Amino acid sequence: MKTLNREEILDILYGGAILGTGGGGNLEKGIEFIDLAIKKGKSFRIASFEELDPSDIVVCPYSCGAISPLSEEEQKKYEGLPVYEEEYHVKALENMEAYLQKPVKAVISTEIGAGNIAKALFCAAMADKVLVDGDPAGRSVPGLQHSTFYLNNVPITPMSVVNKFGESLIVRDVVNDYRAEAIVRAFAIASQNTTAVCDHANTAKVVAGSVIVGAISHAQQVGHAYREAYAARHDYAEAVAKIGKGAVALRGKIYKNDWATKDGYTIGTMMINGTGSFSGNEYKIWYQNENIILWKNGEFFVTVPDLICVFNDDAREPQLNPYAAEGENVSVVVLPSPKEWTTPKGLQVFGPRSFGYNVDWEPMENKL
């Protein structure tokens, strides 16, 4: 078991922002959560599964909702309601523990994304738990069913759901994870497009056999490679591609980024003209919170479950999708999917056809 310092946490969060493929939550807000816990004198501990007892209870706290900024109309709908920005994720964990009537030993991040890793770390620190080094996605994903828990038939219920206004519920039973997604997404839509969730309560033995072990360490390695290259003024996109065993798919300039919040997701299309050695090519990225499909000159190029990671080269940071601006210079790195998503069931759940596109996944190395 190890206590993480702030620099190590920042590497994890930056790695999460990169592997978040344009989603996974806001990096700046994630850092704010970490600094808040530090200000309160809390510490952040990470453990391997081997350091837990097989019977220890592990839960999964996170945020569910859209990543787009709120409109004035959306903000006005909730005027006068109390807001608990700091506490409601921890409350979801506490409500779960009370429902289980058993102590929770550890938490696990629901995905590799800057916001949701930060929420897991924050909950662990504030509730005196440890973060376990694993994750059920290996990247950021848009839906609750996009989980290796689902691939391994681990039940998502009971679910503790709490919004920022302090309203809460326990979901005891669902037909399947798709129904869980629909139920929680509806609660999020009624809660200013975001809600805290805590689910997948199970033993460390079951969780260890159902997730991508070492995923947090991988995020830290990616973030560290990015930070070192950034500090040395080296090519951070190439550094990330190298550590992630991927490739720089394009460099270009955004000429359009249209998005809207629909059914609790941020859905949009980013258009990019290639520059430098990529000049003469036009690229399009479609996202549903996360980057899902990349086209090159009108042809399918790279799709989920492979990772399409966009960097804002003007700010020299990972790009959160709805904030990408016209005229922005970008680099796009493509990384190979965790193997768990490349199985027949994994592709059925999280391949391009699951988003309504009539194309089969091809490994990114076949395209680049």
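Residues numbered from 1 in each chain as written. Predicted model: local features only at pLDDT ≥ 70, side-chain atom pairs only at ≥ 80, totals over all residues. Heavy atoms only, no water.

> Explain the packing of aromatic side chains here, please?
Aromatic ring pairs are reported here in terms of the distance separating the ring centres and the angle at which the planes meet. Summed over the entire model, instances satisfying the criterion amount to 15 aromatic pairs. Centroid distance Tyr78 to Phe165: 5.3 Å. Interplanar angle 10°. Geometry classified as stacked. Of this pair, Tyr78 sits in the loop between helix 3 (72-76) and helix 4 (88-100) while Phe165 sits in the loop between strand 7 (159-162) and strand 8 (168-171); the two residues are 87 residues apart in sequence, bridging distant segments of the chain. Both residues of the pair, Tyr78 and Phe165, belong to the buried class. (Phe/Tyr/Trp six-rings, centres within 6.5 Å; stacked < 30°, edge-to-face > 60°. Helix = DSSP H or I, 4+ residues; strand = E, 2+ residues; numbered from the N terminus. Buried < 20%, exposed > 50% of the residue type's maximum accessible area, 1.4 Å probe, protein only.)

> I tried to follow the side chain of Ser337 on my own but got confused; where do I start?
The residue Ser337 is located in the loop between strand 18 (329-335) and helix 11 (344-350) in this model. The exposure class assigned to Ser337 is buried, which follows from its relative accessible area of 14%. If near-sequence neighbours (up to four positions away) are discounted, Ser337 is found in contact with Pro305, Asp306, Leu307 and Thr342. (Contact = heavy atoms within 4.5 Å.)

> Mind showing me how you'd approach the packing of helix 9 (residues 215-231) against helix 10 (residues 236-243) here?
Helix-helix packing is characterised by the crossing angle of the two axes and by the distance between the axes. As a packed pair, helix 9 and helix 10 sit with axes 8 Å apart at the nearest point and diverge in direction by 155°. Classified by the angle between their axes, helix 9 and helix 10 sit roughly antiparallel to one another. Regarding helix 9 and helix 10, the two cross each other, and that crossing is right-handed. Between helix 9 and helix 10, the residues in contact are Gln221, Val222, Ala225, Tyr226 and Ala229 and Tyr236, Ala239, Val240 and Ile243, respectively. Grouping the amino acids of the contact of helix 9 with helix 10 by side-chain chemistry returns 8 nonpolar, 1 polar and no charged. (Axes fitted to C-alpha atoms, helices over the stretch in contact; angles between N-to-C directions. Parallel < 35°, antiparallel > 145°, perpendicular 65-115°, else oblique. Left-handed = near helix turned anticlockwise from the far one by under 90°. Nonpolar A, V, L, I, M, F, W, Y, C, P; charged D, E, K, R; others polar.)

> So what exactly am I meant to see when it comes to the packing of helix 1 (residues 6-19) against helix 5 (residues 114-126) here?
At a minimum axis separation of 7 Å, helix 1 and helix 5 run at an interaxial angle of 145°. Residues Ile9, Ile12, Leu13, Gly16 and Ala17 of helix 1 touch helix 5, and the partners they reach there are Ala114, Ile117, Ala118 and Leu121. Grouping the constituent residues of the contact of helix 1 with helix 5 by class yields 8 nonpolar, 1 polar and no charged.

> Is there a simple way to explain the nonpolar core in this structure?
Considering soluble globular proteins, one finds that nonpolar side chains tend to be buried as a cluster. Within the largest apolar cluster, 59 residues are counted, with the highest numbers of intra-cluster contacts made by Leu13, Phe44, Val59, Leu121, Val240 and Val333. Counting residues per element, this core draws most heavily on helix 5, which supplies 9 residues. Excluding residues within four positions of it along the chain, Val59 makes contact with Leu93, Met96, Val104, Ala106, Val107, Ile108, Cys198, Asp199, His200 and Ala201. Listed in part, the 25 residues of the second largest apolar core include Phe149, Val171, Val184 and Val211. (Core = buried A, V, L, I, M, F, W, Y, C linked by side-chain atoms within 4.5 Å.)

> So what exactly am I meant to see when it comes to unusual backbone geometry here?
A negative phi angle is the norm for most residues apart from glycine, just as the trans form is the norm for most peptide bonds. Residue Pro158 is reached from Thr157 by a cis peptide bond, and omega for that bond is 0°. Relative to the elements of secondary structure, Pro158 occurs in the loop between helix 6 (148-151) and strand 7. The amide bond that connects Val304 to the next residue, Pro305, takes the cis arrangement and shows omega of 10°. With respect to the helices and strands, the residue Pro305 is situated in the loop between strand 15 (299-303) and strand 16 (307-312).

> What is the right way to read the pairing of strand 7 from this model?
When a strand is regular, its side chains alternate between the sheet's two faces. Of the two faces of strand 7, the one lined by Met159 and Val161 and the one lined by Ser160 and Val162 are each fully buried. Strand direction decides the pairing type here: strand 7 and strand 8, joined by 4 bridges, are antiparallel. Across the sheet, the residue bridging to Val162 is Ser168, located in strand 8. Taking the residues between adjacent antiparallel strands as the criterion, strand 7 and strand 8 are bridged by 5 residues, where Gly166 takes a positive phi near 90°. Bridging between strand 7 and strand 9 (residues 194-203) involves 3 bridges; their strand directions are antiparallel. The residue bridging Val162 from the neighbouring strand is Ala196, located in strand 9. (Pairing = 2+ DSSP bridges.)

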